[in-house]
Structures are given as C-alpha cells and as structure tokens.
Amino acid sequence: AQTVTQSQPEMSVQEAETVTLSCTYDTSESDYYLFWYKQPPSRQMILVIRQEAYKQQNATENRFSVNFQKAAKSFSLKISDSQLGDAAMYFCAYRGGATNKLIFGTGTLLAVQP
Amino acid sequence: EAGVAQSPRYKIIEKRQSVAFWCNPISGHATLYWYQQILGQGPKLLIQFQNNGVVDDSQLPKDRFSAERLKGVDSTLKIQPAKLEDSAVYLCASRRRTGTNTEAFFGQGTRLTVV
C-alpha cells in the first residue's frame, strides 16, 4: 500500500526567508503524481504544485519549487521569499495506482513570522 | 467554472443520531472523493467514486457510514448512528476522468461535531 510521511509537524520561517518542507512516500508503482496542497484556516484545500513521476525536472510555480528525488522517494517543497499569506497547513499527497487513489500525509503547520 | 459545493458547512448532533452530507462536484468531473479529516491530522480517504460506481471504499466504516452517487453527479455521505469519534471535517473533492494529469478540486468541507 502507498503511504505518505511528513515528519515535521510544525515549521516556522521569517518573512522573506526560505523554508523547506519535507515529505517521503512509499510505493511500488512507477507511474504516479505527487502534490503539495495548502490548507488555510478556511479549510479549503488549494493545490500549490504538482510533479509527475516520469519527469526528471523539478516543478516550479513562482515562489514554490520542489526537490523530487525518485530513487529516494522524497518530495520536498521549498517556499522562497515567504509571505504572511503562506501561513497554513501544508499537505503532501500522492496519486497513483489502478484506482488513482489520492492519499495525504499528516501535514506540516507553517508559521510565518513578521 | 463553479467549484465543488458542500452542505451544510457546520453540523452539531448528539451521539447515536444520524447525519447526511451533500456534495455537488464540478460539472463533468467523473471522479469524486470523500475524506474524513480529524483535527490536526491529514485527510483520510473514505470512499472514491468513478461516475456512479465505487472504486475504493476500503477505509469506510461500513457498519455506520454509507455513501452514494446517483446518476454519477451529486453524492451524499451518511453516518448512522454517529459516535463521538466521528467529529471531524468531511471533505469532498472531484477530478476530471479523462487525462491523468488532472488535479483534484476540494470543497470547503462540513465540520461535524458529535456531542
């Protein structure tokens, strides 16, 4: 069975600084997708960035980028120039397998200090 | 396009009562997911539909939870009877079927409190 692990329950970063959130996963599939979702207090899950496993190039979306290490099954999120609005719960997620099941890690609560 | 709609936003019930949640996915989205998110935890997949068929319900407590998706559009999730540990946010998400590189869109969830 696939699993997603986030080992950092909480992280803190100063405004304008850079922070990296960690995620590891386990799967026997070769074709899958990885995601980082942001969940603010409003509870709305918002997609931050996605990575296709068959792509070697790391995905980037403005201030957000990932470090995808397929062999190590690692998928970290880097947030550059952190802003107060980045404060939220961040979830790493995996989608793959015959059913395209979408499963989540336990989350990292990110605080941004002014 | 309109997002995933869920109702109600909040619900408070007593234990042993029943409750139902409703989800209207984005038009044209064939895949629908229901998640349970207990405070401080990640969402746990309860059930996944492809059109009106169940793809995965391995983590659905079938003795008290049921879900249906009639006509492959709207879906309801029911709990009967509710227990204190069912207190959580219930999230609905939908995804387009065609093309694997499609993201899941989430509703705002229903916060259930069982007292």
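The paragraphs below set out a description of the structure included in this document.

Cut-offs used in this document
Residues numbered from 1 in each chain as written. Chains lettered and ligands numbered in written order. Predicted model: local features only at pLDDT ≥ 70, side-chain atom pairs only at ≥ 80, totals over all residues. Heavy atoms only, no water. Helix = DSSP H or I, 4+ residues; strand = E, 2+ residues; numbered from the N terminus. Rg over C-alpha atoms; globule rule 2.2 N^0.38 Å. Buried < 20%, exposed > 50% of the residue type's maximum accessible area, 1.4 Å probe, protein only. Contact = heavy atoms within 4.5 Å. Salt bridge = Lys/Arg side-chain N within 4 Å of Asp/Glu carboxyl O. Nonpolar A, V, L, I, M, F, W, Y, C, P; charged D, E, K, R; others polar.

## Side note on the overall build of chain B
Consideration 1: Counting its regular elements, chain B contains 0 helices and 11 strands.
Consideration 2: Mapped in sequence order, the helices and strands of chain B form the string β-β-β-β-β-β-β-β-β-β-β.
Consideration 3: The C-alpha radius of gyration of chain B comes to 14 Å, within 12% of the 13 Å expected for a compact globule of 115 residues.
Consideration 4: Here the C-alpha coordinates of chain B stretch approximately 40 × 25 × 25 Å along the principal axes.
Consideration 5: Split into buried and exposed, the 115 residues of chain B put 46% on the buried side.
Consideration 6: Taking all contacts inside chain B whose residues are at least 6 apart in sequence as the whole, residues at least 24 apart take part in 52%.

## Considerations on the interface of chain B and chain A
Consideration 1: Counting residues at the interface gives 28 residues for chain B, matched by 19 residues for chain A.
Consideration 2: If you look at where chain B meets chain A, you find 2 salt bridges.
Consideration 3: Glu103(B) is paired through a salt bridge with Arg50(A); the nearest N and O atoms lie 3.6 Å apart.
Consideration 4: Elements with a minimum of two residues in the side of chain B that touches chain A: strand S4 (31-37), strand S5 (44-50), strand S6 (53-56), strand S9 (88-95) and strand S11 (110-114) of chain B.
Consideration 5: Here the residues of the side of chain B that touches chain A are counted per class, giving 10 nonpolar, 13 polar and 5 charged.

## Concerning unusual backbone geometry
Consideration 1: Of note, the bond from Ser7(B) into Pro8(B) is cis; its omega dihedral lies within 30 degrees of zero at -5°.
Consideration 2: One can find Pro8(B) in the loop between strand S1 (5-7) and strand S2 (10-13).
Consideration 3: The omega angle of the peptide bond from Gln80(B) to Pro81(B) is -5°, so this bond is cis rather than trans.
Consideration 4: With respect to the secondary-structure elements, Pro81(B) resides in the loop between strand S8 (75-79) and S9.
Consideration 5: Of note in the backbone geometry, Asn100(A) takes a positive phi value of approximately 55° without being a glycine.
Consideration 6: If you trace the backbone, Asn100(A) turns up in the loop between strand S10 (88-96) and strand S11 (101-104).
Consideration 7: Overall, the relative accessible area of 17% leaves Asn100(A) in the buried class.

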